[in-house]
Amino acid sequence: MTTPQAGQLLELRDLRTHFYTQDGTVRAVDGVTFEIRDGQTLGVVGESGCGKSITAMSVLRLIERPGRVVGGQVLLRGKDLMEYSDTEMRDVRGNQISMIFQEPMTSLNPVYTCGDQIAEAVELHEAVNRRQAWARAVEMLAQVGIPEPARRAKQFPHQMSGGMRQRVMIAMALSTNPELLIADEPTTALDVTIQAQILELMKALRERNKMAIMLITHDLGVIAEMADEVVVMYGGKVMERADAMTIFERPHNPYTKGLLASIPRLGEKRERLEVIQGVVPNPLNLPTGCLFKRRCPYAMPVCDTAPPVRQVAPGHVSRCWLTPAGEPPRIGEDAPPELAEESAQELTVMAR
Amino acid sequence: MFSYIVRRTLQALPILFGVAVIVFMIVQLAPGSPIDRFRTPRISPAQLDALIRLYGLDQPILDQFVKWITAFVQVWRVDAWGYSFLDGQPVLNKVLERVPATVRLMGAALLTTIVLAVPIGVLAAVKQYSWTDKLITTLATIGYAIPSFILGLYLLYFGGVVLKAFPLFGMQSFGKSGDVADLIWHLVLPVASLAIQQIAGWARYMRSSMLEVLHQDYVRTAKAKGLPRSRVLGKHALRNAMIPIITLLGLSIPALLAGAAITETIFSYPGLGAMFVQSVTVRDYPTVLALTMVGGVTVVVGNLLADVLYGVVDPRIKY
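Below: a short report on this structure. (Residues numbered from 1 in each chain as written. Chains lettered and ligands numbered in written order. Predicted model: local features only at pLDDT ≥ 70, side-chain atom pairs only at ≥ 80, totals over all residues. Heavy atoms only, no water.)

1. Comments concerning unusual backbone geometry
Residues and elements named next belong to chain A. Applicable threshold: Strands here mean DSSP runs of E at least two residues long; helices mean DSSP runs of H or I at least four residues long; both are numbered from the N terminus. Buried, partly exposed and exposed residues are distinguished by accessible area as a fraction of the type maximum, computed with a 1.4 Å probe on protein chains only: under 20%, between the cut-offs, and over 50%, respectively.
Here the amide bond leading from Arg65 into Pro66 is cis, since omega sits at 5 degrees, within 30 degrees of zero. Here Pro66 lies in the loop between α1 (52–59) and β4 (67–76). You will see that Arg77, though not glycine, has its phi angle at about 50 degrees, which is positive. Among the secondary structure elements, Arg77 is positioned in the loop between β4 and β5 (79–80). Residue Arg77 is classed as partly exposed on the basis of its relative accessible area of 29%.

Next comes the structure, spelled out in structure tokens:
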């Protein structure tokens with residue numbers, strides 16, 4: 001156990017979650033290190049299959065067979081969740097850390113009323129009786145902007161729209177005043193106007209409840225809207241990490257640059273959208289060295305060796321052989337062989 | 001809900017009429033005749049003709065059918081279902097007399113099935129691919145594959161003859177009328193023979209239904225909420241997993257009735273099943289017809305019950 005720094009809520013240290021399938025081991029999360037401070041919104045971006053959702057599930061220890069967290073630590077206020085008993089862990093879930101999911105249509109239980117499902121969480125984590133829990137559920141529905149909350153609480157999920165259901169999920173997640181909300185693609189399944197509403201709601205509730213958010217998305221627009229700091233993931237590893245402004249204006253990692261280039265911009269005329277060449281590598285057969293090298297326009301011979309995690313600027317780190325200035329490394333100076341694959345531990349140190 | 005039940009009941013009437021037509025035809029087409037059992041070397045052809053006329057078997061089939069069906073629906077009359085060719089007793093009375101025995105047998109079998117199969121299926125699902133799961137799945141396959149007439153004979157032989165632990169026949173011992181323990185003692189083997197196949201089928205179905213539900217997003221939500229495993233499984237998963245099982249309930253009731261025919265015969269249990277087998281053997285038309293219609297009604301009622309239960313368990317279904 002380590003003493004947490006003031007304001008430090010959650011710290012992931014070299015988290016590794018692997019899936020043991022018949023075809024081989026998939027390293028879905030492979031040495032992920034980052035931290036979230038109180039009240040901060042951390043965006044986690046990456047393509048499908050980059051391990052962002054698995055990272056979130058690992059934090060709450062919701063990984064099921066054939067997956068397993070095989071290494072690393074998840075420190076919540078300095079205490080490693082991986083060492084918690086199942087009972088202690090249940091007390092963290094839905095209480096200190098709540099989670100909302102991508103699919104509001106299927107994330108609520110169809111056979112219980114919305115009020116019942118919210119009240120259940122309240123009753124579980126707080127010393128209240130059934131009636132008080134129900135009152136809280138109605139109050140939460142009002143807070144997330146559902147009209148006629150008392151009537152809506154008695155309704156079943158199928159009687160509500162997708163946007164409404166995501167509001168119910170948010171109400172459920174926030175009903176116990178968590179310190180951290182993990183939102184896994186909270187707006188992906190919703191249409192654009194509803195997306196905007198849900199994001200506004202999350203922002204408002206973030207201010208009111210002073211909670212931190214770990215926002216997982218592949219939508220850089222959502223990141224721009226919400227995040228203070230951004231972690232870019234690829235192939236189960238953190239590729240780049242910086243504050244949101246830096247990520248958008250001075251990205252260092254070629255992967256981040258590729259992601260940014262593929263966003264269409266309003267008012268810009270383009271024949272074709274930029275894309276990142278190639279496809280995400282097969283997780284069962286990852287390339288040696290840099291995972292991105294086959295798709296990277298900057299790929300160099302040195303990329304066959306795993307790239308170091310470099311500090312580009314204070315609070316800005318990138319997993320790439322390119323120098324902080326974006327130059328190819330000079331072997332012997334910028335790229336001594338022993339620099340390869342620095343321990344993920346240092347990533348945090350440098351980020352501070 | 002009430003209007004739905006009324007509507008469904010009305011819809012059942014044409015179905016039952018169709019059942020009546022088919023049943024009547026099958027009985028007519030079946031080889032043999034009710035008067036066959038009177039054919040002895042000593043009976044004269046004139047006497048046989050008199051019997052045929054007595055039973056109305058000389059009339060056109062359509063007339064016979066109309067006569068039968070119009071009488072059949074007047075269940076408030078004792079002679080509505082005719083008189084048994086076997087003993088001349090009103091069929092309605094004979095059937096009613098035997099209903100409690102069969103209902104007791106079927107009810108006990110169904111209850112045993114639900115009480116055992118649901119937890120067994122859930123256990124297998126929760127411990128998927130474990131030894132427990134493999135054992136349950138294997139036993140269920142074997143249990144499902146054994147024909148009930150073989151199973152019944154084995155149970156009778158080992159339970160009654162070899163171990164002498166259970167009675168060989170009947171519903172109760174002589175002079176022990178009303179003794180509940182004695183009734184249950186007599187039920188053990190017949191219920192086992194009826195229920196084992198059902199338990200096997202239900203357990204496998206329950207397992208796959210539960211497995212499907214366990215991968216649903218709302219189960220993950222329930223876990224993420226911090227609910228203990230017992231609540232996740234018992235509240236959030238089980239109720240959803242039970243919804244498809246209700247179909248099985250609707251199908252099981254007629255299946256149990258059909259199974260009762262074999263089981264009751266093997267265990268000489270005085271219920272409708274044994275009576276049915278006997279009446280078919282002697283071509284007791286009125287009884288065969290009456291019991292087959294009872295079977296038809298059971299199928300319709302079983303399905304109706306399942307549909308009503310869907311509405312109770314699943315709030316997404318409204319009538």
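2. As for the sheet that holds β4(A)
Residue and element names in this part refer to chain A. Note the following rule: For two strands to count as paired, DSSP must find a minimum of two bridges between them. When checking whether two residues touch, look at their non-hydrogen atoms; a contact exists if any pair is within 4.5 Å. Interaxial angle, 0 to 180 degrees, is taken between N-to-C directions of lines fitted to C-alpha atoms, where a helix line uses only the stretch in contact.
Here we have four strands laid out as an open sheet, ordered β2-β1-β4-β5, and antiparallel in their pairing. The outermost strands of the open sheet, each flanked by one partner alone, are β2 (24–37) and β5. Where strand β1 (residues 8–21) lies against β2, eleven bridges are found, and the strand directions are antiparallel. Each residue of the ladder has a partner; that of Leu15, found in β2, is Val32. Across the sheet, α1 is in contact with β1, β2 and β4; its angle to β1 comes to roughly 110 degrees.

3. Digging into a nonpolar patch on the surface
The condition is simple: A residue counts toward a patch only above 30% relative accessible area and without a salt bridge, and it is joined to like-charged neighbours within 9 Å or, for Val, Leu, Ile, Met, Phe, Trp and Tyr, to nonpolar neighbours within 5 Å. We get accessible surface area from the Shrake-Rupley algorithm with a probe of 1.4 Å; when it comes to residues, only the shown protein chains can shield them. Here, a salt bridge means any Lys or Arg side-chain nitrogen found within 4 Å of an Asp or Glu carboxyl oxygen.
Together, Phe149(B), Ile150(B), Tyr154(B), Tyr157(B), Phe158(B), Val161(B), Val162(B), Leu163(B), Leu168(B), Phe169(B) and Ile262(B) give the surface a local cluster of nonpolar side chains, amounting to about 1,100 Å² of exposed area. Here the nonpolar patch takes seven residues from helix α6 (residues 148–162) of chain B, the largest share from any one element.

4. Quick look at the interface of chain B and chain A
Stated precisely, the cut-off is as follows: Joining two parts hides part of their accessible area as seen by a 1.4 Å probe, and the buried area is that hidden amount summed over both. Any N or O atom pair separated by 3.5 Å or less is treated as a polar contact, with the protein-specific requirement of one donor-capable and one acceptor-capable atom, and with residues adjacent in sequence counted only for side-chain atom pairs.
Residue-level contacts link 22 residues of chain B with 28 residues of chain A. A buried area of about 2,300 Å², summed over both sides, lies between chain B and chain A, and 57% of it is on carbon and sulfur atoms. Counting the contacts that link chain B with chain A gives five salt bridges. In this structure, Lys235(B) engages Glu120(A) in a salt bridge whose closest nitrogen and oxygen atoms are separated by 3.3 Å. Connecting chain B to chain A are 16 residue pairs in polar contact (both at pLDDT 80 or more).

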